[in-house]
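Inside the fold
Residues per chain are reported as follows:
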Amino acid sequence: MPRAVRHPAQAVSPAVTVTYYVEVLSSWCHWAEPAWTALKQRYPDRVHFERRIALMRPTDFPHSREQCDWFYQRSGLHVRSPIMLHSGWLEPERAGHYEAPNFVAEAARQLGKTPDDDHVRLALTHAAVREGRRIGDLDTAVKIAATASGLAPARLKRAAESAAVRDVVHNSTAAFHAMQLTQRPAFVVESVIGDKAMFSGVWQAAPLIATIDGMLEDAASYAAHAAHHPPLPSA
């Protein structure tokens, strides 16, 4: 039987939405940033892009700098990076609680000029994994974000501590887990004709491009059919 989907003629452009689930301190999200940038540049009009926070659980973090360095050596070799990431951000006494920089990143996004402005999140990640700065501390994260955004530190901190920002982050994290995704970065690709693909841990652009191109082609085919035929009969 044909899929029961919304009639394409009723859909609005763009035909595909890509949602990126990210954690500020995830090294693999750092490695995935070139792919995310490439996708937005490749599909500036035909695809809608969203970014949401998916907090790592405390148990997901390394317990020591030695463990963190081991992970960075492995991922750095895997991606052929000429630079090893810096584990100086890790504070074992935090026991894996690094929610603060994610709250600050979301606060800056909400206070920014455009909803897709991500330079504060990138500045926080760079400060941690490239410079080793301890952004798990709220005041440190706020200082970095204020410098990157030009926003007043006090305003940023108030927003980061607000229930509104924290609810957004916790809700997007809950949505991540509800889809049974396990790794960050994660990408959820959806089309107006009801197709959906989920990638958990994928960091390169190629498989995402193949999926997006396929969904765009299928959506265009449905739109062409709608232009030549009436809607699906009600019975």
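Before any of the text, the structure's been laid out above.
Notes on the structure follow. Source: prediction; values computed, not measured.

1. Digging into the sheet that holds strand β4 (residues 196-200)
Read across the sheet, four strands follow the order β2-β1-β3-β4 without closing on themselves; strand pairing throughout is mixed. The two strands at the open ends of the sheet, each matched to only one other strand, are β2 (47-53) and β4. Adjacent strand axes in the sheet meet at a mean angle of 15 degrees, parallel and antiparallel pairs treated alike. Relative to β2, strand β1 (residues 16-22) runs parallel, the two sharing seven bridges. The residue bridging V22 from the neighbouring strand is I53, located in β2. Running over the sheet, helix α7 (residues 163-178) touches β1, β2 and β3 (186-191) and is turned about 105 degrees from β2.

2. Quick look at the side chain of D118
When you line up the elements, D118 lands in the loop between α3 (99-111) and α4 (119-130). Within the structure, D118 has its side chain in polar contact with the side chain of R121 (distance 2.7 Å). Apart from residues no more than four positions distant in its own chain, D118 is found in contact with W36 and R51.

Reading guide: rules and limits
Residues numbered from 1 in each chain as written. Predicted model: local features only at pLDDT ≥ 70, side-chain atom pairs only at ≥ 80, totals over all residues. Heavy atoms only, no water. Pairing = 2+ DSSP bridges. Helix = DSSP H or I, 4+ residues; strand = E, 2+ residues; numbered from the N terminus. Axes fitted to C-alpha atoms, helices over the stretch in contact; angles between N-to-C directions. Contact = heavy atoms within 4.5 Å. Polar contact = N/O pair within 3.5 Å; in protein donor to acceptor, adjacent residues only side chain to side chain.

Remember, this is a structural readout, not a statement about activity or role.
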